[in-house]
Amino acid sequence: MLIKPTFILLSFGLFTSIFAQEKIIINHPEANQHVNSKEQPLASGQASASINNTYRVKGQVSDGANPIPFANILISNTSMGFSADGDGNFELELPDESVTLIVQAIGFKTLRETLIPSEYQNTPLNFTLKPDLLGLEEVVVSATRNRLSKKKAPVIVNVLSPKLFKATQSISLADGLNYQPGVRVETNCQNCGFTQVRLNGLGGQYTQVLLNSRPVFSALNGVYGLEQIPVSIIDRVEVVRSGGSALFGSSAIAGTINIITKEPVNNSWEVNSNLGLIDGTTPDRSLNLNASIVSEDLSTGVTLYGMYRNRDAYDANDDGFSEITKLTNNSLGAKAFYRPNDNSKLGFDFTAIKEYRRGGDRIELAPQFTDITEELDHNTLFTGVDYELFTDDRTTHLTAYASVQHTDRDSYYGGLGGGRTRADSTAANNAFGKTTDLAFVSGVKFTRNFKNNDVLTSGFEYQLNDTEDAIPGYNRIVDQNVNSFGLYSQYEWKPLERFTALIGARLDHIDVDGFYQIQDINRTSDVTQTVLSPRLTVLYNFTEDLQFRGGYARGFRAPQAFNEDLHISSVGGEQRFVILSDALESEFSNAYTASLNYSKEFKKVQTSLLVEGFYTTLENPFMLVSTGTSLPNGSILEESRNGSGAYVAGTTIEFNLSPSKALLFQAGITWQRSIYDEDQVLFEADGTSPTETDVVTDQFVRSPNVYGFFNTNWTVSESFNVDLTGSYTGTMLAPHVISDTGFIKLEETPDFMDVAAKLTYHMDLDEHLHVEFSGGVQNIFDSYQQDFDLGALRDSDYIYGPNRPRSVFFGIRFGDF
Amino acid sequence: MKKILLFLFLTCGNLAAQDREQINWLSWEQLEDALNEEPKKTFVFFHADWCAYCKKIDRVVFTKPEVIKKINAEYYTVRMDAETTDTIRFDGQTFTNRQALTKRNGVHDLALLLGSRPEKSFSLPVTLFFDEQFALKQRVFEYYTSSELLKILEQ
């Protein structure tokens, strides 16, 4: 036995000496000397006293029961810091004046305490830190377009993790978004399954959808795009409600949905397959694959992914017409990166989506032999390049990017419409259409972090969107070219520790050149406009637990065809078209938000409560007005017109509770009113029928005054997990065409509670192979619309409430993940 | 000829055997015994389940034959889950994971002792290099490639 007697002493003597050396960190020695030689002599009146005018204060950092080793104790407004030892004990040298100490330890909430050092000469100074369970320090991107801790972000950002997508058995993004405060996803068409996201009650076109912080979604992608993104490639989705997110585009009036895709480090692969049975019978199958390879030095890597989905059409009322569309989707993509050195990164994105959807009746026949068919065959290709560059000290960051999206779409919106005449047949044979859509985005962003923690972000962005949609049989053309150039700048100002302000503005120059035709009606849009949109957000921390945020944002939309305007639905056996009215003017919005966020722990129980008020005014809002069956072939024409002013005002309450590690509960509810200043015409009667007069309302349609969600996650054991989620939709007004003139009735819809439960079982077959089985029921209480129209003459847009009736699902996931 | 064949056979056998070789990880208790018996340099690696870069090192760097060979020849090695809740005895002291009593992903006292940096949060991976006297030579708080690791091991 060669026992070295000094070993024990050596080892721990060594530990102590390392940490002793690191105990006092003086980043800028000169700065600290200034403090000692200038301020203290002035205070005490004699220079020689400066050394004596410091106090040695001893104490301990603990969590209440046990000491916390190696907490950092910083003196606010100086660069001085100390570190506690392994037993949480520390000894500080403090000046003879009131100081604010910042105590930090990983996994604990940062504590600030202002004290007078002389009071602690004989009493120990003890700090008790509280653990941080709710992930409040999560890092988010959206709030200011730079990475920022969620709690420090002046704008409220809700983060949707893949965990939540899994909990809700979401196959596409559209399904998962319902479980966020202030967010509602609704299906707007029984024939084609057109979905849109409503933030704070405003329609889909008021929300800007971003992919990796870039606006690559064109108006056309907005129609079906949310269902085309496979969940397996999403790292997280950040939702910012209201226009407070300063630099995310002038059209982000209701808010921003930023989809962030995964960034791999390890080689990994995953296969997952799901089978859902809608109403217990109609299958919805999907298969997802993804694999990542990253080189040893992390300088190159690629993620490959693919998705296949096949959902049969579902008919809820056995009338032979679909309520849920048949859908097949094949997506294939790759995301690669190359880091030439530590300070730069080049990224590439490629995605190809082939999606087919069809709804209506007799899906097995060619569309022209059916009564109603909406058939869409999308071929979309996205390509993007981005480049990031940091300076050596990481204070300056430059990003440049360019993305192109091209979609080729074959469409069929038509059918015999219940008739069997030669004219019906001719019309049905001429309902084939062709759409091409090109979107190009390019931009540069520059970020500079100053020494005082202020941040300046500036950039510019160019967007082009060229859409051509032609259905010769209806003499329908949408030929639209939108060019926009945006210049933005924002300053994050932190004059006080408790206060942060984001002051920014955006200058947009937009150029719309559109030609719209349906049958004998032609419209054009020729707009050139430059608009300045100021944005302001403030954050004030009353205490560590209570934060106030407030914001103002101005937004605008130039007249053009948006997603809804490109969608054609059927009613009364005929098509319903949308066209822009003459002399349409730009829409402006002013959005105000204010919120209080309170997070507090009661022993091990963690809670957080957010109360947010929002008030958005709209000037000249675009709204659809039905002119009835005014087209020569008997089709319904809806015009996009400027409505009177309007406002949307409401309150969202969000509550989080984590009683223990294994249990998490979240719930949110929104109450709101969406009111036009004057009664708005939704249907313009032509006077031929005495019983049919103009239909007017001052309320927004399809916008419930109350809606909310909850989700509960219970980790029963390491291998077993239970999720219970639900979303509530209150009553609302839904327009319903009830006569062959296109006359509408405003129906008050019932409320819905859509609850889903999921069980997951996890097994590790090997260190490199895991398997997960899951199963559950969606919409357990079968809370589903009961009054769908029947047959060929139905109003296909008369659909509201949960996206599917009671459905069961099973899933298997395996791989090295 | 026979000699050449025998040589080839042995070499191939050796290569094949090397492929399957692993780093001889010790527990802290084993390390203490080993150090008492024969002083040697020590290599300590802290990781956690969720740490993607740790996993990358485990899978890519620690599986390289030249790394395994070098480490096994010259170092005692300890690999520890920084979030383990095991009680560890080392150097006459007992270490537990007290953070785990109050929080998720609590870091073990021993990992905090060896892997903390002032003014910075505890972050993973943490790799420590000790000399024959168990005096700390270097701490690395980030990912490294096998060639970078070999360079440090040479020192």
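Residues numbered from 1 in each chain as written. Chains lettered and ligands numbered in written order. Predicted model: local features only at pLDDT ≥ 70, side-chain atom pairs only at ≥ 80, totals over all residues.

Draft legend 1. Seen up close, the overall build of chain A. Across its full length, chain A holds 6 helices and 45 strands. The buried share of chain A, reckoned over its 817 residues, is 46%. Within chain A, counting contacts between residues at least 6 apart in sequence, those at least 24 apart form 65% of the total. (Helix = DSSP H or I, 4+ residues; strand = E, 2+ residues; numbered from the N terminus. Buried ≥ 20, exposed ≤ 12 C-beta atoms within 10 Å, placed from the backbone. Contact = placed C-beta atoms within 7 Å.)

Draft legend 2. Representation of the pairing of strand E31 (residues 574-580) of chain A within the structure. Residues and elements named next belong to chain A. Burial analysis of E31 places 7 of its 7 residues in the buried class, the great majority of the element. Alignment of strand E30 (residues 569-571) against E31, held across 3 bridges, turns out to be antiparallel. Counted as the bridge partner of Ser-569 is Arg-576 from E31. Hairpin geometry of E30 and E31 is characterised by an intervening segment of 2 residues between the two adjacent antiparallel strands and by a positive phi of about 60° at Gly-572. In this structure, E31 lies alongside strand E35 (residues 636-642), joined through 5 bridges in parallel fashion. Residue pairing for E35: Ile-579 is matched across the bridge by Glu-639. (Pairing = 2+ DSSP bridges.)

Draft legend 3. Structural context of the sheet that holds strand E8 (residues 125-128) of chain A. Residues and elements named next belong to chain A. A sheet is described by the order of its strands in space; here 3 strands give the open sequence E5-E2-E8, paired in mixed fashion. Sheet topology places strand E5 (89-95) and E8 at the edges, where each strand pairs with a single neighbour. Neighbouring strand axes in the sheet, compared pairwise and without regard to direction, differ in orientation by 35° on average. (Axes fitted to C-alpha atoms, helices over the stretch in contact; angles between N-to-C directions.)

Draft legend 4. Looking closely at the environment of Leu-129 of chain A. All names here are of chain A. Here Leu-129 is to be found in the loop between E8 and strand E9 (139-140). When the C-alpha atoms of Leu-129 and Val-605 are compared, they prove to be 14 Å apart, with 476 residues separating the residues in sequence. Setting aside anything within four residues of it in sequence, one finds Leu-129 in contact with Val-61, Asp-63, Ile-68, Ala-71, Val-103, Ala-105, Phe-108, Lys-109 and Leu-111.

Draft legend 5. Geometry of the packing of helix H4 (residues 65-74) of chain B against helix H6 (residues 146-154) of chain B. Residues and elements named next belong to chain B. Here H4 crosses H6 at 20°, and the two axes come no closer than 10 Å. Between H4 and H6, the angle falls in the class roughly parallel. In the packing of H4 onto H6, the handedness of the crossing is left-handed. In this structure, H4 uses Glu-66, Val-67, Lys-70 and Ile-71 to contact H6, whose residues at the interface are Ser-146, Leu-149, Leu-150 and Leu-153. Within the contact of H4 with H6, the residues separate by chemical class into 5 nonpolar, 1 polar and 2 charged. (Parallel < 35°, antiparallel > 145°, perpendicular 65-115°, else oblique. Left-handed = near helix turned anticlockwise from the far one by under 90°. Nonpolar A, V, L, I, M, F, W, Y, C, P; charged D, E, K, R; others polar.)

Draft legend 6. View of the pairing of E8 of chain A. Residues and elements named next belong to chain A. Burial along E8 is one-sided: Leu-125 and Phe-127 are buried, while Asn-126 and Thr-128, pointing the other way, are not. Of the pairings in the sheet, the one linking strand E2 (residues 54-62) to E8 comprises 4 bridges and is parallel in character. Considered in E8, the bridge of Gly-59 is made with Leu-125.

Draft legend 7. Spatial organisation of the nonpolar core. Counting residues in hydrophobic clusters, the biggest one holds 50 residues, and the most contacted among them are Val-61, Ala-71, Ile-73, Val-103 and Leu-129 of chain A together with Phe-46 and Ala-111 of chain B. If we skip the residues at most four places from it in the chain, Phe-46 of chain B touches Met-80, Ala-82, Ala-111, Gly-115, Leu-124, Pro-125 and Val-126 of chain B. The next biggest cluster of nonpolar side chains, apart from the first, holds 36 residues, and it includes Leu-199, Leu-202, Ile-253 and Ile-259 of chain A. (Core = buried A, V, L, I, M, F, W, Y, C linked by C-beta atoms within 7 Å.)

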